[in-house]
Amino acid sequence: MPATQKPMRFGHTEGHTDVCFDDLGSYIVTCGSDGDVRIWEDLDDDDPKSINVGEKAYSCALKNGKLVTAVSNNTIQVHTFPEGVPDGILTRFTTNANHVVFNGDGGKVAAGSSDFLLKVVDVMDCSQQKTFRGHDAPVLSLSFDPKDIFLASASCDGSVKVWQISDQTCTISWPLLQKCNDVINAKSICRLAWQPKSGKLLAVPVEKSVKLYRRETWNNQYDLSDNFISQALNIVTWSPCGQYLAAGSINGLIIVWNVETKECMERVKHEKGYAICGLAWHPTCGRIAYTDAEGNLGLLENVCEPSGKISSSKVSSKVEKDYNDLFDGDDANNAGDFLNDNAVETPSFSKRIINDEEEDDDLMLASGRPRQRSHILEDDDNSPVEILLDKEEEDDQANSIHNLPLVTSQRSFYDGPMPTPRQKPFQSGSTPMHLTHRFMVWNSVGIIRCYNDEQDNAIDVEFHDTSIHHATHLSNTLNYTVADLSYEAILLACESTDELPSKLHCLHFSSWDSSKEWLVDMPQNEDIEAICLGLGWAAAATSAMLLRLFTIGGVQKEIFSLPGPIVSMAGHGEQLFIVYHRGAGFDGDQCLGVQLLELGKKKKQILHGDPLPLTRKSYLVWVGFSAEGTPCYVDSEGVVRMLNRGLGNTWTPICNTREHCKGKSDHYWVLSCKLDREFRCMELADLMTQNAVNLAIKYASRSRRLILAQRLSELAVEKAAELAATQVEEEEEEDFRKELNAGSEVFYVLPLLSEGFFLTKGAVTCSNQGRVNPFKVNSFHTLNCILSIKFFSHNCYFRPKTGFQMWLEENRSSILSDNPNFSDEADIIKEGMMRFRVLSAEERKAWAAKAKGGTTSDGAEAKKRKHVVDESYETENEKEKAKENLNLPKKQKPLDLSTNQKLSAFAFKQE
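Residues numbered from 1 in each chain as written. Predicted model: local features only at pLDDT ≥ 70, side-chain atom pairs only at ≥ 80, totals over all residues. Heavy atoms only, no water.

(A) Quick look at the overall build of the protein chain. Of the regular secondary structure elements, the protein chain holds 13 helices and 53 strands. Counting all 911 residues of the protein chain, 46% fall into the buried class. Summing over all exposed atoms, the protein chain offers an accessible surface of approximately 47,200 Å²; the carbon and sulfur share of this is 50%. (Helix = DSSP H or I, 4+ residues; strand = E, 2+ residues; numbered from the N terminus. Buried < 20%, exposed > 50% of the residue type's maximum accessible area, 1.4 Å probe, protein only. Areas by Shrake-Rupley, 256 points an atom, 1.4 Å probe, with all protein chains shown as cover.)

(B) Here's a closer look at the pattern of salt bridges. For the coordinates displayed, the defined rule picks out 23 salt bridges. Glu207 is the salt-bridge partner of Lys187, the closest N and O atoms lying 3.4 Å from each other. Here Glu207 lies in the loop between strand S20 (201-206) and strand S21 (209-214) and Lys187 lies in the loop between strand S18 (169-175) and strand S19 (193-194), a separation of 20 residues in the sequence. Judged by its relative accessible area of 24%, Glu207 falls in the partly exposed class. Among the salt bridges present, the one from Arg215 reaches Glu216, with a minimum N-O distance of 3.8 Å. (Salt bridge = Lys/Arg side-chain N within 4 Å of Asp/Glu carboxyl O.)

(C) Inspection of empty space enclosed by the protein at higher detail. By the definition in use, this model includes seven cavities of 30 Å³ or more. Reported here for the second largest cavity is a volume of approximately 130 Å³. Surrounding the second largest cavity, 13 residues form its lining, Leu177, Gln178, Lys187, Ser188 and Glu207 being those nearest its centre. In terms of residue class, the lining of the second largest cavity is made up of nine nonpolar, two polar and two charged. (1 Å grid on protein atoms, 1.4 Å probe; cavity = no way out; pocket = protein on both sides within 12 Å on 5 of 7 lines; lining within 4 Å. Points joined across faces, edges and corners; volume = space filled by probe spheres on them. Nonpolar A, V, L, I, M, F, W, Y, C, P; charged D, E, K, R; others polar.)

(D) Examining the sheet that holds strand S10 (residues 86-92) more closely. Taken in spatial order, the four strands of this open sheet run S7-S8-S9-S10, and their pairing is antiparallel. Edge positions in the open sheet fall to strand S7 (57-63) and S10, since each of these has one partner strand only. Ignoring strand direction, the axes of neighbouring strands in this sheet form an average angle of 20 degrees. Relative to strand S9 (residues 75-80), strand S8 (residues 66-71) runs antiparallel, the two being bridged by six bridges. From the neighbouring strand, Thr69 faces S9, where its bridge partner is Gln77. (Pairing = 2+ DSSP bridges. Axes fitted to C-alpha atoms, helices over the stretch in contact; angles between N-to-C directions.)

(E) Representation of the environment of Leu607 within the structure. Looking at where Leu607 falls in the secondary structure, it is placed in strand S47 (residues 604-611). In this structure Leu607 comes out as buried when scored by relative accessible area, which is 1%. Taking the C-alpha atoms as reference points, Leu607 and Val594, separated by 13 residues in sequence, lie 6.8 Å from one another.

(F) Summary view of the nonpolar core. Ranked by size, the top nonpolar core spans 22 residues in total, and within it Val160, Val162, Trp174, Leu176, Leu177 and Val204 carry the most contacts. Secondary structure elements with two or more residues in this core: strand S16 (150-155), strand S17 (159-164), S18 and S20. Sequence-distant contacts of Leu177, defined by excluding residues within four places in its chain, comprise Leu140, Ala154, Ser155, Gly158, Ser159, Val160, Cys190, Pro205 and Val206. Among the nonpolar cores identified, the runner-up in size contains 18 residues, and Leu201, Leu224, Ile229 and Leu245 belong to it. (Core = buried A, V, L, I, M, F, W, Y, C linked by side-chain atoms within 4.5 Å. Contact = heavy atoms within 4.5 Å.)

(G) Structural context of the environment of Leu549. Within the fold, Leu549 resides in strand S42 (residues 546-551). The class for Leu549 is buried, based on a relative accessible area of 2%. Beyond its immediate chain neighbours, meaning those up to four positions away, Leu549 contacts Trp537, Ala538, Ala539, Val555, Gln556, Lys557, Glu558 and Leu599.

(H) Representation of the sheet that holds strand S41 (residues 537-542) in the model. Taken in spatial order, the four strands line up as S40-S41-S42-S43 in an open sheet, and their pairing is antiparallel. Among the strands making up the open sheet, the edge pair consists of strand S40 (528-533) and strand S43 (556-561). Between one strand axis and the next, the sheet turns through 15 degrees on average, direction left out of account. Bridge count between S42 and S43: five bridges; the pairing is antiparallel. The partner of Leu547 across the bridge, within S43, is Phe560.

(I) View of a negative patch on the surface. A surface patch of negative charge is lined by Asp686, Glu714, Glu718 and Glu722. Here the element with the most residues in the negative patch is helix H6 (residues 706-740); it accounts for three residues. Along the chain, the position of Asp686 falls in helix H4 (residues 678-686). Classification of Asp686 as partly exposed rests on a relative accessible area of 47%. (Patch = residues over 30% accessible without salt bridge, like charges linked within 9 Å, V, L, I, M, F, W, Y side chains within 5 Å. Lys, Arg positive; Asp, Glu negative; His and termini not counted. Charge placed at Lys NZ, Arg CZ, Asp CG, Glu CD.)

(J) Representation of the packing of aromatic side chains in the model. All chains considered together, the criterion is met by 16 aromatic pairs. Summarising the aromatic geometry, the rings of Phe150 and Trp218 are spaced 5.0 Å apart at their centres and angled 85 degrees between planes, so their arrangement reads as edge-to-face. Taken together, the residues Phe150 in strand S16 and Trp218 in the loop between S21 and strand S22 (220-225) connect sequence positions 68 residues apart. We classify Trp218 as buried; its relative accessible area is 9%. Here the aromatic rings of Phe463 and Phe509 are separated by 5.4 Å at their centres, their planes lie at 85 degrees, and the arrangement is edge-to-face. Here the residue Phe463 occupies a position in strand S34 (residues 457-463), and Phe509 occupies one in the loop between strand S38 (503-507) and strand S39 (517-521), the gap between them amounting to 46 residues. Summarising the burial analysis for this pair, Phe463 and Phe509 share the class buried. By way of ring pairs, the aromatic residues Phe150, Trp174, Trp194, Tyr213 and Trp218 are connected into one cluster. Above the face of the Phe93 ring, Lys119 is positioned so that its terminal group lies 4.9 Å from the ring centre. Seen from the ring of Tyr222, Lys262 lies directly overhead, with NZ or CZ sitting 4.4 Å from the centre. (Phe/Tyr/Trp six-rings, centres within 6.5 Å; stacked < 30°, edge-to-face > 60°. Lys NZ or Arg CZ within 6 Å of the ring centre and 35° of its normal.)

(K) A look at helix H10 (residues 803-818). The end-to-end C-alpha distance of H10 is 22 Å, a good match for the 22 Å that 16 residues give at a rise of 1.5 Å each. When the local axis directions of H10 are compared, the greatest deviation, roughly 55 degrees, occurs at Asn811. Among all positions of H10, only Gly803, Phe804, Met806, Trp807, Leu808 and Ile815 are buried. (Expected span 1.5 Å × (residues − 1). Bend = angle between axes of the 7 residues up to and from the residue.)

(L) Region of interest: unusual backbone geometry. Between Phe81 and Pro82 the backbone carries a cis peptide bond, its omega angle lying at 5 degrees. Relative to the helices and strands, Pro82 is located in the loop between S9 and S10.

(M) Geometry of the side chain of His282. Note that His282 resides in the loop between strand S27 (276-281) and strand S28 (288-292). Looking at His282, its side chain comes within polar contact range of the main-chain nitrogen of Cys285, at 3.3 Å. Once residues lying within four places of it in the same chain are set aside, the contact partners of His282 are Phe21, Leu24, Gly25, Pro240 and Arg287. (Polar contact = N/O pair within 3.5 Å; in protein donor to acceptor, adjacent residues only side chain to side chain.)

(N) Representation of the packing of H10 against helix H11 (residues 825-838). Direction vectors running N to C along H10 and H11 enclose 110 degrees, while the axes themselves pass 9 Å from each other. Judged by the inter-axis angle, H10 sits roughly perpendicular to H11. Within the contact between the two elements, H10 uses Gly803, Phe804, Trp807, Leu808, Arg812, Ser814, Ile815, Leu816 and Asp818 and H11 uses Glu825, Ile828, Ile829, Glu831, Gly832, Met833, Arg835 and Phe836. Among the residues forming the contact of H10 with H11, the class breakdown is nine nonpolar, three polar and five charged. (Parallel < 35°, antiparallel > 145°, perpendicular 65-115°, else oblique.)

Function cannot be read off these values alone, since they describe shape.
The following block contains the structure:
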């Protein structure tokens, strides 16, 4: 028959409560937010004994006639039981103690506090204390190892740790829980528990399942879950025999499993659905006492009793033994000949035949431990017969052997590294979702806050620069959980419910039309897990491992599959930064991959699923871009890494925020970087681009580092001058090349010269007389012809001057007179730029206007020169034809010096 649920009764005022049994199970002891400890003889006790221990009592434990309570005055108090006489204070903390437990023999007490500390205190001598430091947030719960070797604890920092009691060191740590800043904001109080007697398994309630970790190896053996669990589990407790495990959820569901078979044995629902915060199993029978967050006390009876509920897939040990005796009588009689002193024969273990091809190493008990070879017997057919217990557990289980289940199947034993739980998706710059007041996003554009309490369910949007947009207040009727903010829009998304699909909502405040928002529903069974905004686009990653890309106006223009479940995304301009799970991590490491896409007119992929390096046993906490658009990310160890495009798209660590934390409660959100050594800043700035130096100047000015700002300004002028000089040289070289390539005739001069031809005062000739000239004589006649063509092309490709160039031409002599040591053109340009910047804006505009006006006149002059050149070219051509037959040498006109220099430098060296 199923477990019997008795009607609940009022025990304490509204608030957190705790419950436990005494050693014999004669009394039920509860404590609550009213500061009282009540001793109940039974659930029907109308007049329980009450002991006031303080303003509030958060936890209680009872062993060997000692009642220990964690009280709101930051102390751990002791009272005699059942008298309730105060017996002193065991230890003190600086804040509230949240949980207190006894060890197996009742000689020690462990307590965890909101000041991040754990203490183990000797009950008889409170001066014998051990303090455990390592959590970065308030401690939620703890549990003693039955063998007094380890201590397990859970904390608001999201970690579950196992400590070595002897030397107070952390043996293992798992990032399993959601982070929060206090116990009252925790989604679950995570009351974990060790398996009684053997301590072989540690049970940890995580979300909607119970994770079981194996002792010593600390591997996740398996998880216990059930389809009826719809909310997070709050607390677990073991049956005294260690065979069954009970768990209570935050919506009032109590589940009982058989640990060996992983089968759900009981499901009981709270009368009103209140959160279960206290759970205790009777020391001798199948009764479970529980309390809720409203101060009520309840009791379950006949839980997993032999006469109660038994799985239909399991037969009783007695029926199994009778069945074996009926057909295997000979084997049963002969089995006694093989028994030794260490063997324990029991009807709960049936003899089972194993195939010859199976190896002895694969033989397993239902507990998952390998059997010793000495415990495997062989009959006449060389088939091993399994009849004995694990030698290590025989003492613990001899007294309760009737509670063990049947061995129904084999399970392989794996002792290697176990997979790391996958990190859940998150939105960069946000705080945990379960908080009533939280940041949905905080970035360089602004802040989006969410309020979800009894008074209001709304979203507030604030901009750092109010000129972009005014602050906005939005209703949150759809329960949006993720958000992003850019200079163009606000993007929101919510999870699906039983009635509504997951939705993507965009408020495009920079739109020029009247409709400034759009809403898109996701397909069924597809939830949005991460979103981001870029320049003109919005992206949403879903639980179906799809990325949907929308225009800022709401048109879905792209959709593609992700290689793995999404972790987080970030956008900057046309860049999309995607982080996802590329595989299973081991030994506490996450296995993440990264994609970097450019979504401009020419779409391309920069990073193609490359591994994302993280610090050992850490996880990702933030992704984003620098002000210059370089991808960056931060892991849980505080290490900031940036993409180094110049080194083959590698990731370079640039900062460790943990080194700058003053206390354990300090945390950093990466916004910018600075150096206290200004000389080093100059060295770094020398490696930057011109735009980066300009940003550094602004930052130094706002930081009131005037000397640094001045030196950075000088550096910026030098960089600008170098850039201008480089551009002038490139322009001159390009102009000259264009001039030479202006006409087809000039284009053929270069291969002609390279083949050994040279120019004379007459026609084009060849140094090799046996070679026929491939060009006609009338194509090239003299160097003057080439010069005329060059002069013509120079005017065709005339480049207008800028205002600075005109100012520099007029003031060059002044600069040289003030600086007679200037010999390089780059030095003159640097000095000229510094002087030109000192001019007022009106003067610079006047020079710019003058330059534009000069362009027109120069164009007119160029036309005149072109006309003159054409006439001179025709006249010269006629003269050359007349003199060509006479073979008279023609006296060449003196060439322009600058033209000769350019031509000789580019084409040939004149003898």
